[in-house]
2 protein chains.
Amino acid sequence: MTRPSPGLPAEFGLIARHFRPLAGPGALDLLDDAALLQPPPGRELVFTADVMVAGVHFLPNDPADTVGAKLLRVNLSDLAAMGAAPLAYLMTVSAPRDTGDAWFAAFAAGLARDQAWFGVTLLGGDTTATPGPMTLSLTAIGHVAPGAALRRRGAAAGDEVWVTGTVGDGALGLLALRGQVSDPDGWLAGRYRLPQPRLGLALHGIVSACMDVSDGLVQDLGHLCRAAGLGAVIEAARVPRSPAARAAGEAWLKTCLTGGDDYELLMAVPPQHADALLAMAAAQGCGATRIGRFEAGEEVRVLDGAGAVVNLNRQGWSHF
Amino acid sequence: MTRPSPGLPAEFGLIARHFRPLAGPGALDLLDDAALLQPPPGRELVFTADVMVAGVHFLPNDPADTVGAKLLRVNLSDLAAMGAAPLAYLMTVSAPRDTGDAWFAAFAAGLARDQAWFGVTLLGGDTTATPGPMTLSLTAIGHVAPGAALRRRGAAAGDEVWVTGTVGDGALGLLALRGQVSDPDGWLAGRYRLPQPRLGLALHGIVSACMDVSDGLVQDLGHLCRAAGLGAVIEAARVPRSPAARAAGEAWLKTCLTGGDDYELLMAVPPQHADALLAMAAAQGCGATRIGRFEAGEEVRVLDGAGAVVNLNRQGWSHF
């Protein structure tokens, strides 16, 4: 069935028109009850699943192509945080009944572009109507050499805190789209809508712990600390911010430290590996910045330029 | 982190209390960005994903333990339809903000019972709030001998149409819960809430095509027909109905033929393999019934006791 057959319900036509072209090897053209995957020999598989709800994780009027791409990218970011290479994905779509065909076409186009870019294909999924907001769930499958997966645990006192790219753009981008932050060239909104998963860095043996920053830098650093039974101190002035984030003004510094949707990698790095990390991040074009260090203790302290503790009234985002 | 840490947002406490106890090998206690799975050597992996929305796929007042179990079982049914053995699953939960802790506890208890029963564990997932109805998505992972997966395509003219168990209980159970069908001992409601995935049947080499009946017998048989470029004829009187479905009255026969939520296996079986299928289905306790045959053509005809075509005004369910 490569075309919507007459007489079939709308669900099947929708899948045939928009999702079947995304299907890759093993997906069996989305015509069977399940998909098949021959696992890459000698590799460990890596799995992650994230859900996005309209009005919670993306704006209902975000362009559909960026919604599809973001759904895929936030999951690929989790694979990147584990040091895994992406392979395939499954997706479930719960759409309001009045969702137009054009929305699905654009949503699929965003996925198609990213599939080509990141080297993944659709393996399967489910499409249904919902009386609620658009709700999208994606399960990403990756692979890694056995024993080479990066973990959140493993930081040691004296390890440095490093982060890729820039922090805060996602949170400021959301505020820009709400008209609360100036974003003359749309850079911040673009970073909110199209995060860049930091795949391709060969971090095994370089970092002692790793995760992606999705719920806010300070809160997520707290996860690395708890997993290691440590504290950490970071210097606010060292936290890398984009020119657009700096142009928004220093009043937004705390938002950059605690806002969500960065999808950069946050790493514990033994000092002797810092040069290797810098070289790799430069080669990937994302850069990496040392922002602090792990130390004995159990809390994350943020210091200002004078060495005083910055008081943050929130540490990050929860979606519940 | 084996307990909800003070100061962490509600999302993390919820996961720690209810979902971490479901986590199995490779889930890394749900503390990392993704999960690890060492694929069973020499096996092909099988993937399926289904979503359930409150008010669409289950009733908002269905007991939470059966909601969790049904979410898992409808996916395991897809694995069964491919002839796969279940391994693990990932799950995303989008819950209304006012969902009580007791709901999550019961939901997880239903999953825990079924995990033990079906031999699967939770590998990962995501939990978020939604302003809409409870929306649950599950990706199930199974495995099968290479090349031994059952497919929807493959039926030949002359193959018999067989189905496991009984058909129509799910649709009548939904109507019973709405007060439209009599269900004195709750059998029908139970079948709607807790479908039985037909795992454990060694159908490779026995059946020429297979799928599970989720959207209605006649519509789903149409899928097997289209995949083979064939038609089929079934005899309404042969379609196996439970004592409770028969007691509901002959007026509901068409509902049994076209209603959804059966999760029985629908198979194309060469006549010489019928005895082998019967023996296996008897050993599994579900039984199997021959209801018709595949033939040249392109439509599914349902015949009554006099050999006249039964006119069905709908073929099955679409969730879109």
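Reading the values: rules and limits
Residues numbered from 1 in each chain as written. Chains lettered and ligands numbered in written order. Predicted model: local features only at pLDDT ≥ 70, side-chain atom pairs only at ≥ 80, totals over all residues. Heavy atoms only, no water. Buried < 20%, exposed > 50% of the residue type's maximum accessible area, 1.4 Å probe, protein only. Helix = DSSP H or I, 4+ residues; strand = E, 2+ residues; numbered from the N terminus. Pairing = 2+ DSSP bridges. Arc of directions from axis to C-beta. Contact = heavy atoms within 4.5 Å. Buried area = accessible area lost by both parts, 1.4 Å probe. Salt bridge = Lys/Arg side-chain N within 4 Å of Asp/Glu carboxyl O. Nonpolar A, V, L, I, M, F, W, Y, C, P; charged D, E, K, R; others polar. Domains from an automatic or database assignment.

A closer look at the pairing of strand 9 (residues 264–269) of chain A
Residue and element names in this part refer to chain A.
Here's step 1: Of all six residues making up strand 9, six are buried, and the element is well covered by its neighbours.
Here's step 2: Residues of strand 9 alternate between two faces, with E264, L266 and A268 on one and L265, M267 and V269 on the opposite face, all of them buried.
Here's step 3: As judged from the four bridges shared by strand 6 (residues 160–164) and strand 9, these two strands associate in the antiparallel manner. Across the sheet, residue V163 finds its bridge partner in strand 9, namely L266.
Here's step 4: Here strand 7 (residues 209–213) runs beside strand 9; their pairing, made up of five bridges, is antiparallel. Directly across from D212, in strand 9, lies its bridge partner L265.

What about helix 9 (residues 274–284) of chain A?
The periodicity of an α-helix, 3.6 residues per turn, causes residues three or four places apart in sequence to face the same way.
Residues and elements named next belong to chain A.
Here's step 1: Of all the residues in helix 9, the buried ones are A274, L277 and A281. End-on view of helix 9: buried residues confined to an arc of 60°, all on one side of the axis. Counted as exposed and oriented over 90 degrees from the buried face of helix 9: D275, A282 and A283.
Here's step 2: Turning to helix 9, the residues buried within the fold contact strand 6, strand 9 and strand 10 (288–295).
Here's step 3: One or two positions beyond helix 9, positive phi appears at G285, with a value near 85°.

With respect to the interface of chain B and chain A
Accessible area lost on assembly of the parts is the figure often given for the size of an interface.
Here's step 1: Residue-level contacts link 69 residues of chain B with 68 residues of chain A.
Here's step 2: Contact between chain B and chain A buries roughly 5600 Å² in total, counting both sides, with carbon and sulfur atoms accounting for 60%.
Here's step 3: For the interface between chain B and chain A, the tally reads four salt bridges.
Here's step 4: Here D32 of chain B ties to R151 of chain A by a salt bridge, and the two come within 3.1 Å at their closest N and O atoms.
Here's step 5: Split by residue class, the side of chain B that touches chain A holds 37 nonpolar, 18 polar and 14 charged.

Section: helix 4 (residues 169–177) of chain B
Residue and element names in this part refer to chain B.
Here's step 1: Along helix 4, eight of the nine residues are buried, which leaves the element largely enclosed by surrounding structure.
Here's step 2: If you check which residues of helix 4 are buried, you get D169, G170, A171, L172, G173, L174, L175 and A176.
Here's step 3: For helix 4, the elements touching its buried residues are helix 5 (187–193), helix 7 (243–247) and helix 8 (253–258).
Here's step 4: At the exit of helix 4 stands G179, carrying a positive phi of roughly 80°.

Describing the domain arrangement of chain A
Residues and elements named next belong to chain A.
Here's step 1: Each domain of chain A was delimited in the assignment, giving domain 1 (10–144) and domain 2 (160–303).
Here's step 2: For domain 1 and domain 2, the distance between their C-alpha centroids amounts to 26 Å.
Here's step 3: Domain 1 puts 20 residues into the contact, and the matching count from domain 2 is 16 residues.
Here's step 4: Between domain 1 and domain 2 lies a buried interface of about 1500 Å² when both sides are counted; carbon and sulfur atoms form 61% of it.
Here's step 5: Taken together, the connections running from domain 1 to domain 2 amount to two salt bridges.
Here's step 6: The salt bridge involving D261 is made with K70; its shortest N-O contact spans 3.4 Å.
Here's step 7: Mapped onto the side of domain 1 that touches domain 2, the elements with two or more residues apiece are helix 2 (64–81) and helix 3 (101–118).
Here's step 8: In terms of residue count, the dominant contributor to the side of domain 1 that touches domain 2 is helix 2 (10 residues).
Here's step 9: Tallied by class, the residues present in the side of domain 1 that touches domain 2 amount to 12 nonpolar, four polar and four charged.

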